[in-house]
Amino acid sequence: MTTADRRQTGTGHADTQAGRSGGDAVRAGTDAGRGSDGTRRPTATIGPPARFRDLVAAEWIKLWSLRSTWGALGLILLTTVGLAVHASLDSRRQWADWPADRRNLLNPLWDAFPQEAQLFVVLAASSVGAVAIGGEYASGLFRATFAAVPARGSVAAAKLVVLTAATTLLGLVGSATAFGISQAILAGKGGMSVGEPGALRAIVASALLVPLCTLIGAGLGALVRHTAPAIVTAATVLLLLPTAIDEDERWTALIRHAMPVPAWDRLLQPAEPPPWVDVAHRASVGGAWTTYAGWAVLATLVTVLVVRRREP
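Calculation rules
- Residues numbered from 1 in each chain as written.
- Predicted model: local features only at pLDDT ≥ 70, side-chain atom pairs only at ≥ 80, totals over all residues.
- Heavy atoms only, no water.
- Helix = DSSP H or I, 4+ residues; strand = E, 2+ residues; numbered from the N terminus.
- Buried < 20%, exposed > 50% of the residue type's maximum accessible area, 1.4 Å probe, protein only.
- Contact = heavy atoms within 4.5 Å.
- Areas by Shrake-Rupley, 256 points an atom, 1.4 Å probe, with all protein chains shown as cover.
- Axes fitted to C-alpha atoms, helices over the stretch in contact; angles between N-to-C directions.
- Left-handed = near helix turned anticlockwise from the far one by under 90°.
- Nonpolar A, V, L, I, M, F, W, Y, C, P; charged D, E, K, R; others polar.
- Patch = residues over 30% accessible without salt bridge, like charges linked within 9 Å, V, L, I, M, F, W, Y side chains within 5 Å.
- Salt bridge = Lys/Arg side-chain N within 4 Å of Asp/Glu carboxyl O.
- Phe/Tyr/Trp six-rings, centres within 6.5 Å; stacked < 30°, edge-to-face > 60°.
- Parallel < 35°, antiparallel > 145°, perpendicular 65-115°, else oblique.
- pLDDT = per-residue confidence, 0-100.

Observations regarding the overall build of the protein
- Secondary structure assignment for the protein yields 13 helices and zero strands.
- Order of helices (α) and strands (β) in the protein, N terminus to C terminus: α-α-α-α-α-α-α-α-α-α-α-α-α.
- Taking all 312 residues of the protein together, 39% fall into the buried category.
- Within the protein, residue pairs in contact and separated by at least 24 positions form 77% of the contacts whose partners lie at least 6 positions apart.
- On the protein, roughly 16900 Å² of surface is accessible, and the fraction owed to carbon and sulfur atoms is 64%.

Below is the structure:
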């Protein structure tokens, strides 16, 4: 065989090998799309990134698919209205036996929004937020969500938008209903109308306390990443800590005024403070609203930043 023949044979052999390699690659690609039983498996496709409104819609469905959501929000509404009715009926029943000085001290807003009801609302609303975030960490649902939508900050923001919208609507319905029924019961017995000073402010403050505590619970759920410890932490921060701080000194009064529940209590007080309120260290109405806004912004930032930076 001549040198030219050997070259031609070598070239043909290389072409044959390349053809075999190409055929093996095609078959490998074809087999990669089939399962062990020979059936074709669906191949992953990359679509456009999810829009924020799509994330909001998904979180809305996710929120209302939980039975705990219906139970917690239903209890918040029933407690807000039920305890207001109970307090108003009790005041109306005892009205004739009270001396004139006690009648003058009566603030009808305390019957519309009794402290017992609001303390339960604080605990239940913060639990809703803690379950919404901490529950997804504990169950591993966040891993599946982030696999589909890598934009973690957008997912967290969408969840907070849904939580805030749902709880704000609930708070407005509950507060307006509680005020209307309680003042109807107290008609002629020290009741007030919505147009009187302080009435609308109390309705709005009691309504916004629900989403505020929900956001705080969500932030604690993101930090703790477990539902039960997050709920206990929320109860400690929102309910127990204010009782451990008095208003005897200016700096302790400032700390207490910077907490959500004391801020809510200040927004319910009349223009003329009750005798038991320390006027020297009394918070202002503007300061109470600032406390609301500050906690809401802080809780939102903590939730979004923690969800973005920590692995689920």
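Continuing now.
Quick notes on the environment of Ser182
- Within the fold, Ser182 resides in helix H8 (residues 152-185).
- Note on Ser182: relative accessible area 0%, which makes it buried.
- Sequence-wise, Ser182 and Val81 are 101 residues apart; in three dimensions their C-alpha atoms are separated by 8.6 Å.
- Setting aside residues no more than four positions away along its own chain, Ser182 makes contact with Ala84, Ser88, Asp111 and Ala112.

Comments concerning the packing of helix H6 (residues 115-139) against helix H10 (residues 227-243)
- Viewed as axis vectors pointing N to C, H6 and H10 meet at an angle of 145°, and their least axial separation amounts to 9 Å. Taken as a pair, H6 and H10 cross one another with a handedness that is right-handed. Here Leu119, Val122, Leu123, Ser126, Ser127, Ala130, Val131, Gly134 and Gly135 of H6 come into contact with H10, specifically with Thr227, Ala230, Ile231, Ala234, Ala235, Leu238 and Leu239.
- Considering only residue class, the contact of H6 with H10 consists of eleven nonpolar, five polar and no charged.

Here we look at a nonpolar patch on the surface
- On the surface, Val297, Leu301 and Leu305 cluster together into a nonpolar patch covering about 270 Å² of accessible area.
- Relative to the helices and strands, Val297 is located in helix H13 (residues 285-309).

Thoughts on the packing of aromatic side chains
- Counted under the stated rule, the structure contains five aromatic pairs.
- Ring plane angle 70° and centroid distance 4.9 Å describe the contact between Tyr137 and Phe142, whose orientation is recorded as edge-to-face. You'll find Tyr137 and Phe142 in the same group, each marked buried.
- Every member of this aromatic cluster is reached through a ring pair, and the members are Trp60, Trp64 and Trp70.

A closer look at the packing of helix H9 (residues 199-224) against H10
- It is at 9 Å that the axes of H9 and H10 come closest, and there the two elements cross at 130°. Classed by the angle they form, the pair H9 and H10 counts as oblique. Here H9 and H10 pass one another in a crossing that is right-handed. Counted together, Cys213, Ile216, Leu220, Gly221 and Val224 of H9 and Pro229, Ala230, Thr233, Ala234 and Leu238 of H10 form the full contact between these two elements.
- Here the contact of H9 with H10 is composed, by residue class, of eight nonpolar, two polar and no charged.

Observations concerning the pattern of salt bridges
- The full count for this structure, using the stated rule, is seven salt bridges.
- Between Glu136 and Lys159 there is a salt bridge; the shortest N-O distance is 2.5 Å. One end of the pair, Glu136, is in helix H6; the other, Lys159, is in helix H8, with 23 residues separating them in the sequence.
- The class of Glu136 is buried, set by a relative accessible area of 6%.
- Residue class for Lys159 comes out buried when judged on its relative accessible area of 5%.
- One salt bridge in this structure joins Arg152 and Glu311, with 2.9 Å as the shortest N-O distance. With Arg152 in helix H8 and Glu311 in the segment after H13, this pair connects stretches of sequence that are 159 residues apart.
- Residues participating in the shared-partner salt-bridge network are Glu59, Lys62, Glu136 and Lys159.

Some points on helix H12 (residues 260-268)
- The buried fraction of H12 is high, at eight of nine residues.
- If you check which residues of H12 are buried, you get Pro260, Val261, Pro262, Ala263, Trp264, Arg266, Leu267 and Leu268.
- Looking at the buried positions of H12, the neighbouring elements they touch are helix H5 (108-112), H6, H9, H10, helix H11 (250-257) and H13.

Remarks on the environment of Phe120
- Looking at where Phe120 falls in the secondary structure, it is placed in helix H6.
- Spatially, the C-alpha atoms of Phe120 and Ile76 are 7.6 Å apart, while their sequence positions differ by 44 residues.
- Excluding residues within four positions of it along the chain, Phe120 makes contact with Leu75, Ile76 and Thr79.

What about the confidence of the model for the protein?
- Looking at the protein as a whole, its pLDDT mean stands at 83, while 81% of the residues score no less than 70.
- Here residues 1-33 is a poorly scored stretch, pLDDT under 50, and it has eight contacts once near neighbours within four places are set aside; other chains count.

Here's the deal with the environment of Ala253
- Mapping Ala253 onto the fold places it in helix H11.
- Sequence separation between Ala253 and Arg282 is 29 residues; the distance between their C-alpha atoms is 8.0 Å.

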